[in-house]
Structures are given as structure tokens and as C-alpha cells.
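Examining the three-dimensional arrangement
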Amino acid sequence: MVSAIILMNIRRGQVNTVGEKLAAMKGITEVFSVGGHYDLIALVRVPTNEDLAVLVNSKLAAETDIEKTESLIAFEVFSRHDLEAMFSIGMEGGSL
């Protein structure tokens, strides 16, 4: 599994529209509207580097309201959510 964080600058007034479109795309697990140097951050999980390339170079590039992106590829993912999900299998209530 390939994980990435994509930082984006969006055309003024289009953050919500673009955020909703991105959240519906296969491979994008979460989209955050943020303050600071970027407008949106997308968390991506796809099976292969080729899938990531298609997502960034084709699908995101086709969104004309995205003005700029910066992609960060994760070497390792340390996630409390993933660990909790792994250990909650078969446990009632899903918590430890």
C-alpha cells in the first residue's frame, strides 16, 4: 500500500467544491480544509506507485480549480487508528 499526503492551493471560493470532489475519488481517504500556506490536504492510500501517479497526474491535474500541489510520499505510516482497528478484530465494542 502506498500512502501519500497531497498539499493543495485551490482557486478562491472553490475549496468546498474541490474538497467534496476529492473526497469522492477512489484512493483519497480524507480531505482537510486547512489554514496556512495550503487550502486543502488530501490523504491518499493506493495499491501501487502507478496508481498514485494516475491519481496525481491525471485526475488531480484535470481539476482546473487546483492551482498548485505538493505531494509527499510516506515511507512508513504510524497510525493509532490502524493499530486500534487491527487489535479490535473479534473484540466486542471494538476497543481495548
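Below is a summary of the structure that appears in this document. (Residues numbered from 1 in each chain as written. Predicted model: local features only at pLDDT ≥ 70, side-chain atom pairs only at ≥ 80, totals over all residues. Heavy atoms only, no water.)

**Description of the sheet that holds strand β2 (residues 28–33)**
Reading across from one edge, β2-β3-β1-β4 is the order of the four strands in this open sheet, with antiparallel pairing throughout. This sheet does not close on itself; its edge strands, each paired only once, are β2 and β4 (66–73). In this sheet, adjacent strand axes meet at a mean angle of 20° when their direction is disregarded. Two strands pair when backbone bridges link them, and strand β1 (residues 2–10) and β4 are joined in this way by seven bridges, in the antiparallel orientation. Bridging from a neighbouring strand, Ala4 pairs with Ile73 of β4. (Pairing = 2+ DSSP bridges. Helix = DSSP H or I, 4+ residues; strand = E, 2+ residues; numbered from the N terminus. Axes fitted to C-alpha atoms, helices over the stretch in contact; angles between N-to-C directions.)

**Things to note about the nonpolar core**
Of all hydrophobic cores here, the largest spans 18 residues; its most connected members are Met8, Leu22 and Val44. Those elements that provide at least two residues to this core are β1, α1 (15–23), β3 (40–46) and α2 (49–62). Looking at this core, the element that brings in the most residues is β1, giving five residues. Not counting residues up to four positions away in its chain, the partners in contact with Leu22 are Met8, Ile28, Val31, Leu40, Leu60 and Ile66. (Core = buried A, V, L, I, M, F, W, Y, C linked by side-chain atoms within 4.5 Å. Buried < 20%, exposed > 50% of the residue type's maximum accessible area, 1.4 Å probe, protein only. Contact = heavy atoms within 4.5 Å.)

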